[in-house]
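The lines below spell out each chain.
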Amino acid sequence: MVTLGAFYVVSSAIWIGGVIFGFAWMNPSNEYDCVALDQSVKDRWAYPLSKIAKQTNYDACLISVGHSFKDTGDVNGDGVLSRCEN
């Protein structure tokens, strides 16, 4: 019974901590302005996706994926893929 009581207290504390963390930090934000999905966005991703689809070697595939996302994914050039750069 002691083990069951300890389990209940610890798991409840973890759950409450997750709820508090969620309400404190996971709020929706409208501070970004995403790019509309138009033909220019589709054209930007057409070449890398076709190049990735043709890979047969694992090491070459890793290199190809890295270059593709570095060249086409980072639109504003800050070195970070944000949620609007997709």
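Just so it is clear, the model here is predicted, and its values are computed rather than measured. (Residues numbered from 1 in each chain as written. Predicted model: local features only at pLDDT ≥ 70, side-chain atom pairs only at ≥ 80, totals over all residues. Heavy atoms only, no water.)

(A) Spatial organisation of the overall build of the chain. Check the secondary structure of the chain and you find three helices and zero strands. Secondary structure of the chain in N-to-C order comes out as α-α-α. Counting over 86 residues, the chain shows a buried share of 13%. Excluding contacts between residues fewer than 6 apart, the proportion of contacts in the chain whose partners are at least 24 apart in sequence is 45%. With an accessible surface of roughly 7400 Å², the chain has 65% of that area assigned to carbon and sulfur atoms. (Helix = DSSP H or I, 4+ residues; strand = E, 2+ residues; numbered from the N terminus. Buried < 20%, exposed > 50% of the residue type's maximum accessible area, 1.4 Å probe, protein only. Contact = heavy atoms within 4.5 Å. Areas by Shrake-Rupley, 256 points an atom, 1.4 Å probe, with all protein chains shown as cover.)

(B) Expanded view of the confidence of the model for the chain. The predicted model of the chain has a mean per-residue pLDDT of 77, with 69% of residues at 70 or higher. Ranking the elements of the chain by mean pLDDT puts helix α2 (residues 39-53) last with 72 and helix α1 (residues 2-25) first with 93. (pLDDT = per-residue confidence, 0-100.)

(C) Local environment of a nonpolar patch on the surface. A grouping of M1, L4 and F7 is seen on the molecular surface, where their side chains present a nonpolar patch of about 440 Å² in accessible area. Looking at the secondary structure, you find L4 in helix α1. For L4, a relative accessible area of 55% translates into the label exposed. (Patch = residues over 30% accessible without salt bridge, like charges linked within 9 Å, V, L, I, M, F, W, Y side chains within 5 Å. Salt bridge = Lys/Arg side-chain N within 4 Å of Asp/Glu carboxyl O.)

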